[in-house]
Amino acid sequence: MQQFANPRRFLRLVALVEPWAWSLTAILFAVGLYMSLIVAPQDYQQGETVRIMFVHVPAAWMSLLAYVDMAVASAIAIIFRHPLADLAAKAAAPIGACFTFLALATGSLWGKPMWGTWWVWDARLTSMFVLFLLYLGYIAVWHAIDDPARAARIAAIVALVGAINLPIVKFSVDWWNTLHQPASVFRMGGPTLHPAILTPLLVMGTAYLALFVTLHLTAIRAEIMARRLRQMELARADAV
Amino acid sequence: MDLAAPHLGFVFAAYGLSLIVLAGLILWLRHRYRALTQRLAVLEAEGVPRRRISAGAP
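The rules behind the values
- Residues numbered from 1 in each chain as written.
- Chains lettered and ligands numbered in written order.
- Predicted model: local features only at pLDDT ≥ 70, side-chain atom pairs only at ≥ 80, totals over all residues.
- Helix = DSSP H or I, 4+ residues; strand = E, 2+ residues; numbered from the N terminus.
- Buried ≥ 20, exposed ≤ 12 C-beta atoms within 10 Å, placed from the backbone.
- Contact = placed C-beta atoms within 7 Å.
- Expected span 1.5 Å × (residues − 1).
- Arc of directions from axis to C-beta.
- Core = buried A, V, L, I, M, F, W, Y, C linked by C-beta atoms within 7 Å.
- Axes fitted to C-alpha atoms, helices over the stretch in contact; angles between N-to-C directions.
- Parallel < 35°, antiparallel > 145°, perpendicular 65-115°, else oblique.
- Nonpolar A, V, L, I, M, F, W, Y, C, P; charged D, E, K, R; others polar.

Asks: Where do I start with the overall build of chain A in this structure?
Replies: Per the secondary structure count, chain A includes 7 helices and 0 strands. Looking at the 240 residues of chain A, the share that counts as buried comes to 40%. Pairs at least 24 apart in sequence give 76% of the contacts found in chain A among residues at least 6 apart.

Structure representation (structure tokens):
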């Protein structure tokens, strides 16, 4: 990992990988959407509404993955002072916030016809809403503090403290009596879904994962550019 | 897909919203990168050094 500590080397690597990553993402989405909208059968209880699961569940997975990414990068930034770690954490935040918003919104669009309500304050929905607020808080810290080094340190602490919410989101359906159904894919004893539903879900999950990785690489690259721009603007201000 | 099935509007709304949010995110990230690259190119053309000369620069 240390060999990618050099931003210039990292930028060269991203330039090489990015076109392939976008192509793979596009192919996975084409296959995933075909399977989700055409191939997958109706559910015997949910009917066509089950198709919302193919965009809701992957968005929820990515919302958690993005936060794990942000928290691990923040820990690396604090412990090892890796020059790209704080930028990687910062870059993951808006992407994670978008996935969390999508998980909440598409879940609401599924809840109205299936539960008869857009929203309930049960443990899973509430902890996901808290996750969304954590993303917004993390982004706000970066915008509120002018000194990037200080902003990075405080934002990293916010990210690490907020990581306590991750097991709460995951296990909320086991620890409390919730309207949200328990885990049906990543659980002890294996998935409970029929392969006709599980396969498109996993393909869409892989497509969302590819999109997250690709967007994250693009966002880190932009953050490196932003840091370089700030240094040049300060250098110009010094020269005046 | 059964186009006469009930609640299909919710399905299309979920896919439409996902498309709008993810496309918006992609376009925003690409636009931001392009804008930063252009601004950097302007500063480099002006001959601005990449780092501050003074010690203790961030």
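Asks: Would you take a moment to explain helix H4 (residues 123-144) of chain A for this structure?
Replies: Because an α-helix packs 3.6 residues into every turn, residues spaced three or four apart end up facing the same way. Between its first and last C-alpha atoms H4 of chain A spans 31 Å; for 22 residues at 1.5 Å apiece the expected length is 32 Å, and the two agree. Against the buried residues of H4 of chain A lie helix H2 (53-80), helix H3 (85-115), helix H5 (148-162) and helix H6 (165-175) of chain A.

Asks: Can you walk me through H5 of chain A in this structure?
Replies: Residues and elements named next belong to chain A. For H5, spanning 15 residues, the distance from its first C-alpha to its last is 20 Å, which sits close to the expected 21 Å at 1.5 Å a residue. When we look at burial in H5, the residues that qualify are Ala152, Ala155, Ala156, Ala159 and Gly162. Taken end-on, H5 shows its buried residues confined to a sector of 130°, consistent with a single buried face. Set apart from the buried face of H5 by more than 90 degrees, the exposed residues are Arg150 and Val161.

Asks: Can you help me understand the nonpolar core in this one?
Replies: Considering soluble globular proteins, one finds that nonpolar side chains tend to be buried as a cluster. Formed by 70 residues in total, the largest nonpolar core has its most connected members in Met70, Ala88, Ala89, Ala92 and Ile95 of chain A. Breaking this core down by element, the ones donating at least two residues are H2, H3, H4, H5 and helix H7 (195-239) of chain A together with helix H1 (8-45) of chain B. Here this core gets 17 residues from one element, more than from any other, and that element is H7 of chain A. When sequence neighbours within four positions are dropped, the list of residues in contact with Ala89 of chain A reads Met70, Ala73, Ser74, Ala77, Ala156 and Ala159 of chain A.

Asks: Before we go on, may I ask you to explain the packing of H3 of chain A against H1 of chain B in this structure?
Replies: Any two packed helices are characterised by the angle at which their axes cross and by the distance between the axes. It is at 9 Å that the axes of H3 of chain A and H1 of chain B come closest, and there the two elements cross at 170°. With respect to H1 of chain B, the axis of H3 of chain A lies roughly antiparallel. Of the residues in H1 of chain B, those in contact with Ile95, Cys98, Phe101, Leu102, Ala105, Thr106, Leu109, Trp110, Lys112 and Pro113 of chain A of H3 of chain A are Phe10, Ala13, Ala14, Leu17, Ser18, Val21 and Leu25 of chain B. Classifying every residue of the contact of H3 of chain A with H1 of chain B gives 14 nonpolar, 2 polar and 1 charged.

Asks: Which parts of the structure should I look at to understand unusual backbone geometry?
Replies: We note that Arg81 of chain A has phi near 55°; this positive angle belongs to a residue other than glycine. On the secondary structure map, Arg81 of chain A appears in the loop between H2 and H3. Residues other than glycine seldom take positive phi values, yet His7 of chain B does so here, at roughly 65°. Here His7 of chain B shows up in the segment before H1. Under the C-beta neighbour-count criterion, His7 of chain B is labelled partly exposed, with 16 such atoms within 10 Å.

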